[in-house]
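# Structure assessment
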Amino acid sequence: MDCTKQRITEQIRDMIRAYEKSTVTKWGDPLVGFAGAAKVAKLRGIVSPGHAQPEQILPGAETVISYFVPFLEETAQTNTAAGLASPQWAQAYEETNVMLACINEQLICRLKEEGIRGRVPQEAAVFDRELLRSDWSQRHIAYLAGLGTFGLNNMLITEKGCCGRISSIVTDLKIAPDVPMTKELCIYKQAGKCGICADRCEAGALTRQAYDRKKCYEICLKNAKVHNHYGSSYTSSDDDSEEIGSEVCGKCIAGMPCAFKK
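Since the structure is predicted, the reported quantities are computational estimates derived from the model, not experimental observations.

## Topic: the overall build of the protein
In terms of helices and strands, the protein carries nine helices and six strands. Taking 18 Å as the expected radius of gyration for a compact globule of 262 residues, we find that the protein reaches 18 Å, a close match to that expectation. Across its three principal directions, the C-alpha atoms of the protein cover 50 × 45 × 35 Å. Relative to its 262 residues, the protein shows a buried fraction of 49%.

## A closer look at the pairing of strand S2 (residues 63–70)
Judged by how many residues are buried, S2 sits mostly within the fold: eight of eight residues are covered. Here S2 shows a buried face lined by Thr63, Ile65, Tyr67 and Val69 and a second buried face lined by Val64, Ser66, Phe68 and Pro70. Here strand S1 (residues 31–36) runs beside S2; their pairing, made up of six bridges, is antiparallel. Note on S2: the bridge partner recorded for Val32 is Tyr67.

## Describing helix H1 (residues 3–19)
Its 17 residues place the ends of H1 24 Å apart at the C-alpha level, agreeing with the 24 Å of an ideal helix rising 1.5 Å per residue. By the burial criterion, the buried members of H1 are Thr4, Lys5, Ile8, Thr9, Gln11, Ile12, Met15, Ile16 and Tyr19. Looking straight down H1, one finds its buried side chains confined to an arc of 155°; they lie on one side. Of the surrounding secondary structure, the elements contacted by the buried residues of H1 are S1, S2 and helix H5 (87–113). Its side-chain oxygen at 2.7 Å from the backbone nitrogen of Thr4, Asp2 defines the N-terminal cap of H1.

## Thoughts on the packing of aromatic side chains
For any pair of aromatic rings, the description rests on two quantities: the centre-to-centre distance and the angle between the ring planes. Under the definition given, this model contains four aromatic pairs. Judged by centre distance (5.3 Å) and plane angle (65°), the ring pair of Phe71 and Trp89 falls under edge-to-face. Here the residue Phe71 occupies a position in the loop between S2 and helix H4 (73–77), and Trp89 occupies one in helix H5, the gap between them amounting to 18 residues. Phe71 gets classed as buried once you look at its relative accessible area, which sits at 4%. With a centroid separation of 5.6 Å and 55° between ring planes, the pair formed by Phe127 and Tyr217 is classed as tilted. Taken as a pair, Phe127 in the loop between strand S3 (118–119) and helix H6 (138–144) and Tyr217 in helix H9 (residues 213–226) lie far apart in primary sequence, 90 residues in all.

## Remarks on the sheet that holds S1
To summarise the sheet geometry, strands pair through backbone hydrogen bonds and adopt either a parallel or an antiparallel arrangement. An order of S1-S2-S6-S3 is seen for the four strands of this open sheet, with the pairing classed as antiparallel. Of all the strands in the sheet, just S1 and S3 have a single pairing partner and so form its edges. Each of S1 and S2 is contacted by H1, which is oriented at about 135° to S1, the strand it contacts most. On the sheet, H5 packs against S2, S3 and strand S6 (164–171) and is oriented at approximately 25° with respect to S6.

## Some remarks on the environment of Gly83
With respect to the element layout, Gly83 can be found in the loop between H4 and H5. Along the primary structure Gly83 and Gln6 are separated by 77 residues, whereas in three dimensions their C-alpha atoms are 41 Å apart. Setting aside residues up to four positions removed in sequence, Gly83 forms contacts with Glu202 and Lys251.

## With respect to the pairing of S1
In terms of burial, S1 is a largely internal element, six of the six residues being buried. Every second residue of S1 is oriented toward a common face, with Leu31, Gly33 and Ala35 on one face and Val32, Phe34 and Gly36 on the other, all of them buried.

Criteria and thresholds
Residues numbered from 1 in each chain as written. Predicted model: local features only at pLDDT ≥ 70, side-chain atom pairs only at ≥ 80, totals over all residues. Heavy atoms only, no water. Helix = DSSP H or I, 4+ residues; strand = E, 2+ residues; numbered from the N terminus. Rg over C-alpha atoms; globule rule 2.2 N^0.38 Å. Buried < 20%, exposed > 50% of the residue type's maximum accessible area, 1.4 Å probe, protein only. Pairing = 2+ DSSP bridges. Expected span 1.5 Å × (residues − 1). Arc of directions from axis to C-beta. Contact = heavy atoms within 4.5 Å. Polar contact = N/O pair within 3.5 Å; in protein donor to acceptor, adjacent residues only side chain to side chain. Phe/Tyr/Trp six-rings, centres within 6.5 Å; stacked < 30°, edge-to-face > 60°. Axes fitted to C-alpha atoms, helices over the stretch in contact; angles between N-to-C directions.

Okay, here's the thing in structure tokens:
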């Protein structure tokens with residue numbers, strides 16, 4: 001691995017280890033990838049018509065640093081039973097989102113000391129409740145950064161599975177970008193086998209033929225009404241929505257064969 005890439009990976013790992021000293025949730029070691037800004041720019045029109053452009057976020061953008069932080073297996077195990085998401089899963093979701101914001105801030109400061117500019121897109125924290133999309137797709141950027149391939153469950157399956165969270169930073173770091181994986185990591189897409197994620201979908205949103213965003217979001221809102229003790233990543237007390245809680249589910253990743261390995 002390039003020494004700069006290795007150093008950034010180690011910095012993110014160390015930040016996770018330091019942060020988890022004050023949280024209930026614990027995490028595995030991260031995977032870090034580097035996507036060319038020009039490639040990320042092409043997501044506009046593919047992911048969403050208004051997908052944010054790296055150059056707009058940071059003039060002179062060269063590289064988007066993308067990283068995947070896996071949950072621990074014991075966290076996922078709490079969320080394998082039928083029904084709504086487990087309290088531990090909701091808490092892990094909220095604590096992870098707060099941690100990622102802290103890591104991004106710290107990493108930007110570290111990069112600045114080296115003369116590298118970095119910025120987090122505002123679009124990353126905004127979720128359109130009408131279109132049910134974000135104008136900054138962490139999953140697609142992670143794919144471009146070579147971190148994994150998409151599974152039947154629409155999640156990114158990495159070398160460490162799909163059970164975790166993804167974040168990214170736009171930078172003017174000039175470095176050779178990583179490239180997307182060519183080998184399919186999803187068992188179903190490989191040979192038409194498995195499909196357990198579709199069988200476990202509580203909302204009937206995920207099938208072997210299609211994915212219904214609306215049904216998926218409906219089950220997330222049901223969870224938000226129940227799990228309102230840990231925060232709300234994408235809402236605030238000023239929102240008109242009554243569902244001020246954790247919009248989670250995770251039944252299609254927890255307990256899957258691809259949860260913690262490719």
